Amino acid sequence: MAQRLTIAHSPCPNDTFVFHAWSHGLLPEAPGLAVTIADIDVTNGLAERGGADLLKISYASLPYVLDEYVLLPCGGALGHGCGPLVLTRSGDSTADPDPDSGPAWLAGRRVAVPSVRSTAYLLFRLWAARAVPGGVGDIVVLPFHEIMPAVRDGEVDAGLVIHEARFTYQQYGLHRLADMGEEWENATGRAIPLGAIVARRDLGEEQLRAVARAAADSVRFAWDHPTASRPYVLEHAQEMAPDVIEQHIGLYVNDYTADLGEDGYAAVRELLGRAAAEGLVPAVSPGALDFPADG
């Protein structure tokens, strides 16, 4: 039996939905997979250490790992109306934001983020440089599912949230101060690049193309058999409400997941180009995002 490839991705419903067929041997032509489920901060770190053959990482981490990894043209998360949110408490305490003060209230405040190498934090930094005179205060890294409770309980002043938090933050009594995706789309007209699938370059071009075909086939299988993955998705989902899970999958698994296409690649280049111009990430050389063509 051929050695299985290793993959690490998040427990989020979009990832478990997309990779269910491949990881469960339902694609006869696909290479075998050994799966590790881990928070995005962990997978970003694994990429920098070359810790798996395939990884789901933040697009913000991509410039740091392109020497070792290549961006796959499928399997990731981009979209419209799906960006990270900045949340605060709602109430009467002096720590709660004045509705009229807007983003300037964040100046000097303690903010929780899911990873310093997350796309969410990169979008936040690009936005805050313009919107928060004087800059925010301490940045605290927390697993994304711990951020809303931390904001609610006053452990931090604000939280930058991703994934299904978009649908559930009001249950925590929280207030949406800003939508990073909305800010990005208004500024650029581009889709929001969130999570990328990368594979080790030393797999070689033939196997890289096989991996990309398997990822695309797994997406199509998920769409063709939408209930097949449900037990697997529910097993790992950190938000168990079925309606929230369906909203999450519907928003984050879209045409860009099956194929980045010209618009998807343009959005990624726009994000990394703007971030590099601000000195927030290393510049990406021409051609570094290209995937080996069939030949």
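Keep in mind the model is a prediction, meaning the values are calculated, not measured.

J.: What exactly am I supposed to notice about the side chain of Arg 200 here?
T.: Mapped onto the elements, Arg 200 comes out in strand S11 (residues 192–200). With a relative accessible area of 15%, Arg 200 lands in the buried category. Once residues within four sequence positions are removed from consideration, Arg 200 is found in contact with Gly 50, Ala 52, Asp 53, Glu 68, Tyr 69 and Leu 208.

J.: Got a minute to help me understand the layout of surface pockets in this structure?
T.: Leftover empty space is mapped by rolling, across the atoms, a probe with the size of a water molecule. Size it by volume and the largest pocket reaches roughly 260 Å³. Lining the largest pocket are 14 residues, and of these Leu 123, Leu 126, Trp 127, Arg 130 and Arg 274 sit closest to its centre. Those elements giving two or more residues to the lining of the largest pocket turn out to be helix H4 (119–131) and helix H7 (180–188). Looking at the lining of the largest pocket residue by residue, the class counts come to 8 nonpolar, 1 polar and 5 charged. There is about 200 Å³ of room inside the second largest pocket. Lining the second largest pocket, in full, are Phe 17, Trp 223, Pro 226, Ser 229, Arg 230, Val 233, Leu 234, Pro 242, Ile 245, Glu 246, Ile 249 and Val 253. Contributions of two or more residues to the lining of the second largest pocket are made by helix H9 (230–236) and helix H10 (242–252). Among the residues making up the lining of the second largest pocket, the classes are represented as 9 nonpolar, 1 polar and 2 charged.

J.: What is the right way to read the sheet that holds strand S9 (residues 158–161) from this model?
T.: Backbone hydrogen bonds hold the strands of a sheet together, and the pairing may be parallel or antiparallel. The mixed open sheet is built from 5 strands, whose spatial order is S8-S7-S9-S6-S10. Sheet topology places strand S8 (139–141) and strand S10 (174–179) at the edges, where each strand pairs with a single neighbour. This sheet shows a mean twist of 30 degrees between the axes of neighbouring strands, independent of strand direction. The sheet strands contacting H4 are strand S6 (85–89), strand S7 (111–113), S8, S9 and S10, and the helix crosses S9 at an angle near 125 degrees.

J.: Got a minute to help me understand the confidence of the model for the protein chain in this structure?
T.: Detailed reading of predicted coordinates is not advised where the pLDDT is low. Mean pLDDT over the protein chain works out to 91, with 94% of the residues at or above the 70 mark. Highest mean pLDDT in the protein chain belongs to strand S4 (residues 69–71) (97); lowest belongs to helix H6 (residues 165–168) (84).

J.: Where do I start with empty space enclosed by the protein in this structure?
T.: A full pass over the atoms with the stated rule returns 1 cavity of 30 Å³ or more. At the level of elements, helix H1 (13–23), strand S3 (54–58), H4 and S11 are the ones that each hand at least two residues to the lining of the largest cavity. Considering each element in turn, the lining of the largest cavity owes the most residues, 3 residues, to S3.

J.: Would you explain the pattern of salt bridges in this entry?
T.: Opposite charge on two side chains makes pairing possible when the charged atoms of those side chains draw close. Tallying each qualifying case throughout the model produces 13 salt bridges. In this structure, Asp 153 and Arg 152 form a salt bridge, with 2.9 Å as the shortest nitrogen-oxygen distance. Note that Asp 179 is salt-bridged to Arg 176, the shortest N-O span being 3.9 Å. Here Arg 176 falls in the partly exposed class, since its relative accessible area comes to 38%. Counted as one network, the salt bridges with shared partners bring together Glu 68, Arg 200 and Asp 202.

J.: Explain the nonpolar core to me, please; I cannot follow it from the model alone.
T.: For soluble globular proteins, nonpolar side chains are generally found buried alongside one another. Ranked by size, the top nonpolar core spans 90 residues in total, and within it Trp 22, Leu 62, Val 86, Leu 106 and Phe 124 carry the most contacts. Here the element with the most residues in this core is helix H8 (residues 205–224); it accounts for 9 residues. Dropping the residues within four chain positions of it, Trp 22 is found in contact with Leu 27, Ala 30, Pro 31, Leu 33, Leu 54, Val 211, Ala 214, Ala 215 and Ser 218. By size, the runner-up hydrophobic cluster in this structure holds 14 residues, among which are Val 140, Leu 142, Ala 165 and Tyr 169.

J.: Any chance you could explain the packing of aromatic side chains here in plain terms?
T.: Any pair of aromatic rings gets described here by the distance separating the centres and the angle formed by the planes. Per the counting criterion, the structure on display carries 3 aromatic pairs. Ring plane angle 35 degrees and centroid distance 6.3 Å describe the contact between Phe 19 and Trp 22, whose orientation is recorded as tilted. Here Phe 19 and its partner Trp 22 are both found in helix H1, 3 residues apart, which amounts to about one turn of the helix. Note on Phe 124 and Trp 127: the rings are 5.8 Å apart at their centroids and 45 degrees apart in plane angle, and the pair reads as tilted.

Rules and cut-offs
- Residues numbered from 1 in each chain as written.
- Predicted model: local features only at pLDDT ≥ 70, side-chain atom pairs only at ≥ 80, totals over all residues.
- Heavy atoms only, no water.
- Helix = DSSP H or I, 4+ residues; strand = E, 2+ residues; numbered from the N terminus.
- Buried < 20%, exposed > 50% of the residue type's maximum accessible area, 1.4 Å probe, protein only.
- Contact = heavy atoms within 4.5 Å.
- 1 Å grid on protein atoms, 1.4 Å probe; cavity = no way out; pocket = protein on both sides within 12 Å on 5 of 7 lines; lining within 4 Å.
- Points joined across faces, edges and corners; volume = space filled by probe spheres on them.
- Nonpolar A, V, L, I, M, F, W, Y, C, P; charged D, E, K, R; others polar.
- Pairing = 2+ DSSP bridges.
- Axes fitted to C-alpha atoms, helices over the stretch in contact; angles between N-to-C directions.
- pLDDT = per-residue confidence, 0-100.
- Salt bridge = Lys/Arg side-chain N within 4 Å of Asp/Glu carboxyl O.
- Core = buried A, V, L, I, M, F, W, Y, C linked by side-chain atoms within 4.5 Å.
- Phe/Tyr/Trp six-rings, centres within 6.5 Å; stacked < 30°, edge-to-face > 60°.

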